[in-house]
Structures are given as structure tokens and as C-alpha cells.
Amino acid sequence: MAAATDPDTEVSVEFFPIIRQFKSGRVERFMNPDPVPAGTDPATGVVSKDAAVDPATGLWARLFLPPGSTSGHGPKKKLPVVVYYHGGAYVIGSAADPFTHHYLNALVAEAGVLAVALEYRLAPEHPLPAAYEDSWQGLKWVASHATAAGGSAEPWLLEHGDFSRVFLAGASAGGTIAHNMAVRAGEQRLGLPIRGLLVVHPYFSGAADIADEGTASGKAAKARADAFWRFLYPGSPGLDDPLSNPFSEAAAGSAARVAAERVLVCVAEKDDLRDRGVWYYENLKASGYAGEVELLESVGEGHVFYCINPKCDKAREMQERVISFLRK
């Protein structure tokens, strides 16, 4: 008689080096560092705090203010609002992970903005489109402060937010989310003007091959990407799902409805997602979108390199371009 197996230790599916799921449903995450608490950052003077957005789903946000914003009396200086979506392939990452936290500390200090990092639920415990629904609820929560007068409203947004200067931003999967939120803002009339959309090293795909996706190694990677997407979003049609491919037939031309005046797309030369980022840039320009679209490529660098080595020359170059984009 064969020995009984333990569903809590027997692997059901694994996508190394990101995540492993066991037959019991238990999930083991890799590359998922401990969260960083909110507070005052000694290096930049940026102050952060966490705020509840939707207690029913556990949705919350981490807010960041430049140094000196919370001191003194009288009228508070109004700051551009950057709504930020973290990366992590929809299965790892957080508004409080060290990569997001330290990146936003630096951005807020240098750009002089109020950043709102939204904490969406992760797959597979909360399959897609949960992350997108949370992201939309978070954006609507931010937008509600444009006309709020108090009550349960978040004081930092009321006192410091300039809602005539709102930007959406995100990295990796967060970049994909940011794009989709900009589209949804246009389709559902968010009622808030969006000055710009910052899409960094986005996580897009599609069933049709581009660049080297038609090679043997490219086809293997594509098959793995399709399996991973279906793991994230059971019941999805696959890589041409509009949430993965904004230019698919199913997306019905939605990309042209991006509700932002300008878009900056950042890619990195050695990033496996580089070609899809350039593809997004080129197709958005050709989609009928009426705004400006810019591309920044970081030569010699890999995926989210600016979080891993924020003081390198290419990270500084990218930071300066982003700050210029926010101030333009």
C-alpha cells in the first residue's frame, strides 16, 4: 500500500522564484520581505502613515508627505497627488514592502508630492480581478476627497492634496494596474482630472508573439506566462484578457480612453518585460489616444533596478525624468 501523502506538503503548482501552492491550498511566497512600518524616514525626513480605505475587504493605503508638511500652523501647502500601485506579479509585494516604501520616500522628498500607495489583495487567495477592484475602490476613495469636507475623510488628503494635479503610477504589475485604472477613470467618469500616467516596467502580455516570443525559448516562456495568468485568474480567456493585453480584440479599443493628459512609459534594456513595454508604448501611440506618450529606456539595466540600486547612475537618470514628468 502506498504511503498517504500530506496535502499540506505536496506541491500543487509552483512558479519559482515567486510562489508555490500546495494541494491543501497553503501558499508559500518567495522574494517577499518583511514590511516596513510607517513613520518618519531618517534619511529623507518624509513622514508616512497608514489609513483604512475599506474595512470590509481590508483595503488600506500608506500615505507619504514631504518633510515639514505636518509642522507649523496656518494653511497647508497643496501638493500634487501620486496614486501608486506596487508590483509583485499580483502575488507578492505590498504598499509597506521595503522596495515600495523606500522608493516613495525618495520620490516624495525630491518631487514634493503627496503619495498614496494602495494595498490591494493578492492572488491566489484572492484571484484576479480582486486586485483591480481594490485598486479602483482605492482610487475612488482618493477622488472622494476632492469634494469632502471632513467626517471620516483622511486629513492629509484634505489638507495637502491638490486634486487638480493627480497622477497614477505603478511598477511591474502595478504599472499594468495603473494603466487599467486610467482607462476605467475615463470610462466611468471618475470626476477627477488625471494629469499623468507613469507606467514603469509594466507586466503586459498577449497571445500573438512579438520580438523573440516566437523562438523556442520564447514559446516556452509564453506557455509559462499563460499558465501563470490562469493561476492568477481562473476562468480567464488567457493572455488576451483585457487586463493582460490592453490591445486585444476583447479590450475593444479601451486603451484609447486612457484618462490622462500624458503618459510616461519606462522600460529597462535587460528586463524580460522590456519588449512588451515598448509594444505598449507604440500601440498606445497608435490607438487614437489623444495625449502625449513618452518612452524612457534604461540601457544595461534589469527589472525594477532602481529599487535594487537606487543610487546608480541609471536610477538617478530615471528619477530625474520622473520628477520632470510630475512637474511639467
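Residues numbered from 1 in each chain as written. Predicted model: local features only at pLDDT ≥ 70, side-chain atom pairs only at ≥ 80, totals over all residues. Heavy atoms only, no water.

Re the overall build of the protein chain
Helices and strands together make up the secondary structure of the protein chain, namely eight helices and eleven strands. Taking 2.2 N^0.38 as the reference for a compact globule, 328 residues should give roughly 20 Å; the C-alpha atoms of the protein chain span a radius of gyration of 20 Å, in line with that estimate. Seen through its principal axes, the protein chain has C-alpha atoms that stretch 75 × 50 × 40 Å. Relative to its full complement of 328 residues, the protein chain shows a buried share of 52%. Look at the contacts in the protein chain between residues 6 or more apart in sequence, and 71% of them connect residues 24 or more apart. If you sum the accessible surface of the protein chain, you get close to 14,300 Å²; carbon and sulfur atoms cover 53% of it. One finds the centroid of the 31 positive side-chain charges in the protein chain at a distance of 5 Å from the centroid of its 39 negative side-chain charges. (Helix = DSSP H or I, 4+ residues; strand = E, 2+ residues; numbered from the N terminus. Rg over C-alpha atoms; globule rule 2.2 N^0.38 Å. Buried < 20%, exposed > 50% of the residue type's maximum accessible area, 1.4 Å probe, protein only. Contact = heavy atoms within 4.5 Å. Areas by Shrake-Rupley, 256 points an atom, 1.4 Å probe, with all protein chains shown as cover. Lys, Arg positive; Asp, Glu negative; His and termini not counted. Charge placed at Lys NZ, Arg CZ, Asp CG, Glu CD.)

Notes on the nonpolar core
With 73 residues, the main nonpolar core has Tyr-90, Val-116, Leu-197 and Val-263 as its most contacted residues. Counting contributing residues per domain, this core is built from domain 1 (1-30) and domain 2 (38-327), each supplying no fewer than three. Once residues lying within four places of it in the same chain are set aside, the contact partners of Val-263 are Leu-197, Val-199, Val-258, Tyr-280, Leu-284, Tyr-289, Glu-292, Val-293, Glu-294 and Phe-325. Formed by 32 residues, the second largest nonpolar core is a distinct cluster that contains Leu-264, Leu-296, Cys-307 and Ala-315. (Core = buried A, V, L, I, M, F, W, Y, C linked by side-chain atoms within 4.5 Å. Domains from an automatic or database assignment.)

Observations regarding the environment of Ala-250
Following the sequence through the fold, Ala-250 ends up in the loop between helix H5 (216-232) and strand E10 (262-268). With 13 residues separating them along the chain, Ala-250 and Pro-237 place their C-alpha atoms 9.7 Å apart. Look past the residues within four positions of Ala-250 in its chain and what remains in contact with it is Asp-240 and Pro-242.

Here's the deal with the pairing of strand E1 (residues 11-15)
As judged from the four bridges shared by E1 and strand E2 (residues 19-22), these two strands associate in the antiparallel manner. The residue bridging Val-11 from the neighbouring strand is Phe-22, located in E2. The turn linking E1 back onto E2 is made up of three residues. (Pairing = 2+ DSSP bridges.)

Considerations on the pattern of salt bridges
Close approach of charged atoms allows side chains with opposite charge to pair. Applying the stated criterion across every chain yields a total of 23 salt bridges. A salt bridge links Glu-28 to Arg-20, with the nearest nitrogen and oxygen atoms 2.9 Å apart. With a closest N to O distance of 2.9 Å, Arg-257 and Glu-187 form a salt bridge. Here Arg-257, found in the loop between H5 and E10, pairs with Glu-187, found in helix H4 (residues 173-187); they are 70 residues apart in sequence, far enough to count as distant. Among the residues examined, Glu-187 registers a relative accessible area of 40% and is labelled partly exposed. Residues joined by salt bridges that share partners form a network here, namely Asp-209, Glu-213, Lys-219, Lys-222 and Arg-276. (Salt bridge = Lys/Arg side-chain N within 4 Å of Asp/Glu carboxyl O.)

Points about H5
The end-to-end C-alpha separation of H5 is 24 Å, in line with the 24 Å expected for 17 residues at 1.5 Å each. Taken residue by residue, H5 has Gly-218, Lys-222, Phe-228, Trp-229, Phe-231 and Leu-232 as its buried positions. Those residues of H5 hidden inside the fold are in contact with E1, E2 and helix H6 (274-286). (Expected span 1.5 Å × (residues − 1).)

Quick word on empty space enclosed by the protein
Counted by the stated rule, this structure contains one cavity of 30 Å³ or more. Here the largest cavity is characterised by a volume of approximately 40 Å³. Tyr-203, Ser-205, Ala-225, Trp-229, Leu-239 and Ser-244 are the residues that line the largest cavity. (1 Å grid on protein atoms, 1.4 Å probe; cavity = no way out; pocket = protein on both sides within 12 Å on 5 of 7 lines; lining within 4 Å. Points joined across faces, edges and corners; volume = space filled by probe spheres on them.)

Overview of unusual backbone geometry
A negative phi angle is the norm for most residues apart from glycine, just as the trans form is the norm for most peptide bonds. For the bond running from Ala-123 to Pro-124, omega is 5°, close enough to zero to count as cis. For Pro-124, the location among the structural elements is in the loop between strand E7 (114-119) and helix H2 (130-144). A cis amide bond links Leu-128 with the next residue in sequence, Pro-129, at an omega value of 15°. Counting through the fold element by element, Pro-129 comes out in the loop between E7 and H2.

Looking at the packing of H2 against H4
Where H2 contacts H4, the axes come no closer than 10 Å and their chain directions differ by 60°. By the angle class used here, H2 and H4 are oblique. The two elements H2 and H4 meet at a crossing, and its hand is right-handed. Contacts between H2 and H4 involve Ala-131, Tyr-132, Glu-133, Ser-135, Trp-136 and Leu-139 from the former and Thr-176, Ile-177, Asn-180, Met-181, Arg-184 and Ala-185 from the latter. A per-class count over the contact of H2 with H4 returns seven nonpolar, three polar and two charged. (Axes fitted to C-alpha atoms, helices over the stretch in contact; angles between N-to-C directions. Parallel < 35°, antiparallel > 145°, perpendicular 65-115°, else oblique. Left-handed = near helix turned anticlockwise from the far one by under 90°. Nonpolar A, V, L, I, M, F, W, Y, C, P; charged D, E, K, R; others polar.)

Structural notes on the domain arrangement of the protein chain
Per the domain assignment, the segments of the protein chain are domain 1 (1-30) and domain 2 (38-327). Relative to domain 2, the C-alpha centre of domain 1 lies at a distance of 31 Å. Contacts between the two partners involve ten residues from domain 1 and, on the opposite side, eleven residues from domain 2. When domain 1 packs against domain 2, the two sides together hide about 850 Å² of surface, and 68% of this comes from carbon and sulfur. Together, Phe-15, Ile-18 and Arg-29 form the three largest contributors to the area buried by domain 1 at its contact with domain 2, with a combined 61%. For the pair domain 1 and domain 2, the number of links is one salt bridge. (Buried area = accessible area lost by both parts, 1.4 Å probe.)

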